[in-house]
Amino acid sequence: MTSRAVIDVRPITESEFDDWNRALNTGFLNAPTSPQEVVDARRQHFLPGRRIGAFDDGRCVATFRSFAQELTAVGGATVPADAVTNVSVTATHRRRGLLTRMMAGELAAAKEGGDVVATLIAAEYPIYGRYGFGPATWATEWTIDVPRTGLDPRWAGPDDGGRIDLVDGEDVRKLGPDLHERLRRVQPGAVGRTDLWWQLATGAVRFHPTWKEPCFAVYRSADGEVEGMAAYTADDHWGDAKQPLNTVSVNWLIGVTPAAERALWHYLCSIDWVVRVKSGWRAPDDLLPHFLPDPRAAAVTTQADWLWVRILDVVRALEARTYEAAGSLVLEVVDGGGLAGGRYRLQAAADGAGSCAPTTESADLTLDVAELATLWLGDESAVRLVALGRVREERAGAARQADALLRTSRRPWCPDMF
């Protein structure tokens, strides 16, 4: 067995990309060799220094990729983030510390480069907490039983003066980026979408050989402004006696007004032959069920952690967001990775602005940096974490005060997978 010291962990060169891609496919249980058009598309993500590989005797046995990202904090400000993805370790080389080596180097470089947080979507829950990541947003998928919704099956369009139009991928690439930016400015947990994201979403660039072109629907308000957009596919399933049993699956749906979301969901439930609509990943407190006359028609299919955050700079992270009340807390942040630990005073003003600085005052709460990430976007309760033994209350009532400052009226949501 090759020793850990002999396995070389480093940024890959462009000439090593095919080998790196093979290792990535193997780790994610795909066919080892990708079609050339897929390889060419994935090469568009090649940035020197941001694809890491572990090499044993010249062969790639672990993969890691990062890219620059912007994450929206509570209140609408954005922070620079180091997004982590494409993490895999070949089964023959597990338990040799390869991920730890790749992650440690990446997080140290991200902090030095000025990133406030690191982010990822975790395929498995137990992996990333030991690196200081905590689940900061959750996601829920609903399956709508269309005949049970109580909606008029003869529905012919929004009743608010708006309209639904079907468009093509070129239209989406023109209209989508501005719409998403409007959503991102008000949605804690949202991340930026690059031009490449829109190309992938519309098939102009294809990462997967089995990509299926979706239909695209746009909602325009009464004054003609684009306020919502959805991408969806449908299957072709018929039961006995020629009964249609088709399912619409939503790839993504965004709206900047409740009217836009309502109109798009009602449209999806009105498509002929469709008896089920799968919502895709939505915020856990999404309004979707209550857009239906019978909310029970939307059954929760899956609910799980989604965006994980790793705080790299406590002061900048806490000062980037706004707060629900005035008050102050002293936080003892424990960081086994040595990147963000220390004792900090958070001071929130009545107007929602916050300031933060290192302090020597007695701590009100002691928590791991991963738990701070869980609290940062406002989704989790400090009182709950105290009950779970994941936060220690040093001053009676401090956890309740933390909830009054940190929690938000609507839950954060990250609409994207990366």
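The structure contained in this document is the topic of the report that follows. (Residues numbered from 1 in each chain as written. Predicted model: local features only at pLDDT ≥ 70, side-chain atom pairs only at ≥ 80, totals over all residues. Heavy atoms only, no water.)

Regarding the overall build of the protein
Now for step 1: Of regular secondary structure, the protein possesses ten helices and 19 strands.
Now for step 2: Rg of the C-alpha trace for the protein: 23 Å, near the compact-globule value of 22 Å for 418 residues, within the 12% margin.
Now for step 3: With the C-alpha coordinates of the protein rotated into their principal frame, the extents come out at 65 × 60 × 40 Å.
Now for step 4: Residues counted as buried form 51% of the 418 residues belonging to the protein.
Now for step 5: When contacts within the protein are restricted to residue pairs at least 6 apart in sequence, long-range pairs at least 24 apart make up 71% of them.
Now for step 6: Entry remark: accessible area of the protein is about 19100 Å², with carbon and sulfur atoms responsible for 51%.
Now for step 7: The averaged location of the 56 negative side-chain charges in the protein is 4 Å from the averaged location of its 46 positive side-chain charges. (Helix = DSSP H or I, 4+ residues; strand = E, 2+ residues; numbered from the N terminus. Rg over C-alpha atoms; globule rule 2.2 N^0.38 Å. Buried < 20%, exposed > 50% of the residue type's maximum accessible area, 1.4 Å probe, protein only. Contact = heavy atoms within 4.5 Å. Areas by Shrake-Rupley, 256 points an atom, 1.4 Å probe, with all protein chains shown as cover. Lys, Arg positive; Asp, Glu negative; His and termini not counted. Charge placed at Lys NZ, Arg CZ, Asp CG, Glu CD.)

Concerning helix H6 (residues 258-268)
Now for step 1: Here H6 lies mainly inside the structure; eight of its eleven residues are buried.
Now for step 2: Contact partners of the buried residues in H6: strand S7 (138-145), strand S8 (163-167), strand S9 (215-220), strand S10 (226-234), strand S11 (246-255) and strand S12 (274-278).

Comments concerning the packing of aromatic side chains
Now for step 1: Here the structure, examined in full by the defined rule, presents ten aromatic pairs.
Now for step 2: Ring-pair connections join several aromatic residues into one group, and the members of that group are Trp197, Trp198 and Trp252.
Now for step 3: Sitting over the ring of Phe55, Arg10 keeps its end group 4.2 Å from the ring centre.
Now for step 4: Across from the ring centre of Trp197, 3.8 Å away, lies the NZ or CZ of Arg193, which sits over that ring. (Phe/Tyr/Trp six-rings, centres within 6.5 Å; stacked < 30°, edge-to-face > 60°. Lys NZ or Arg CZ within 6 Å of the ring centre and 35° of its normal.)

Points about unusual backbone geometry
Now for step 1: You will see that Asn86, though not glycine, has its phi angle at about 55 degrees, which is positive.
Now for step 2: Position of Asn86 among the secondary structure elements: in strand S4 (residues 78-89).
Now for step 3: Phi is positive for Arg95, close to 65 degrees, though the residue is something other than glycine.
Now for step 4: Here Arg95 is to be found in the loop between S4 and helix H3 (98-112).
Now for step 5: A relative accessible area of 69% places Arg95 in the exposed class.

So, the pairing of S4
Now for step 1: In terms of burial, S4 is largely enclosed, as nine of its twelve residues are buried.
Now for step 2: Summarising the sheet, strand S3 (residues 59-72) and S4 pair through ten bridges and their orientation is antiparallel. The partner of Gln69 across the bridge, within S4, is Ala81.
Now for step 3: Across three bridges, S4 lies against strand S5 (residues 117-121) in parallel orientation. The partner of Asp82 across the bridge, within S5, is Ala118.
Now for step 4: Considered for its hand, the β-α-β crossover made up of S4, H3 and S5 is right-handed. (Pairing = 2+ DSSP bridges. Right-handed = clockwise from strand over helix to strand, strands pointing away.)

Observations regarding the sheet that holds strand S14 (residues 307-311)
Now for step 1: Here seven strands make up an open sheet; going across it, the order is S1-S2-S3-S4-S5-S14-S6 and the pairing mixed. In this open sheet, the two edge strands, each paired with only one partner strand, are strand S1 (8-11) and strand S6 (134-135).
Now for step 2: Relative to S14, S6 runs antiparallel, the two sharing two bridges. Residue Pro135 lies in a different strand from S14, and its bridge partner there is Trp308.
Now for step 3: Of the strands in this sheet, strand S2 (51-56), S3 and S4 touch helix H1 (residues 17-27), which is tilted by about 85 degrees from S3.
Now for step 4: The strands that H3 touches are S1, S2, S3, S4, S5 and S14; relative to S3, the one it contacts most, it runs at about 35 degrees. (Axes fitted to C-alpha atoms, helices over the stretch in contact; angles between N-to-C directions.)

Some details on the nonpolar core
Now for step 1: Leu71, Val117, Leu307, Val309, Ile311, Leu318 and Trp376 are the most contacted members of the largest nonpolar core, which totals 47 residues.
Now for step 2: Setting aside residues no more than four positions away along its own chain, Leu318 makes contact with Tyr323, Leu331, Leu346, Cys356, Leu372 and Trp376.
Now for step 3: Grouped together as the second largest cluster of nonpolar side chains are 25 residues, Trp142, Val248, Ala260 and Leu292 included. (Core = buried A, V, L, I, M, F, W, Y, C linked by side-chain atoms within 4.5 Å.)

What about the environment of Gly192?
Now for step 1: Mapped onto the secondary structure, Gly192 falls in the loop between helix H4 (169-184) and helix H5 (195-202).
Now for step 2: In contact with Gly192, other than residues within four places in its own chain, are Glu70, His180 and Arg184.

Quick look at the side chain of Asp165
Now for step 1: For Asp165, the location among the structural elements is in strand S8.
Now for step 2: Among the polar contacts listed, one links the side chain of Asp165 to the side chain of Arg163, at a separation of 2.7 Å.
Now for step 3: Looking at Asp165, its side chain comes within polar contact range of the side chain of Arg220, at 2.7 Å.
Now for step 4: Excluding anything up to four places from it in sequence, Asp165 contacts Phe216, Ala217, Val218 and Arg220. (Polar contact = N/O pair within 3.5 Å; in protein donor to acceptor, adjacent residues only side chain to side chain.)

Section: the pairing of S12
Each regular strand displays side chains that alternate between the two surfaces of the sheet.
Now for step 1: Sheet analysis places S7 next to S12, joined by three bridges and oriented antiparallel. Within S12, the position partnered with Ile144 by the bridge is Val277.
Now for step 2: Two strands pair when backbone bridges link them, and S11 and S12 are joined in this way by four bridges, in the parallel orientation. Bridging from a neighbouring strand, Asn246 pairs with Val274 of S12.
Now for step 3: Running through H6, the crossover from S11 to the neighbouring parallel element S12 is right-handed.

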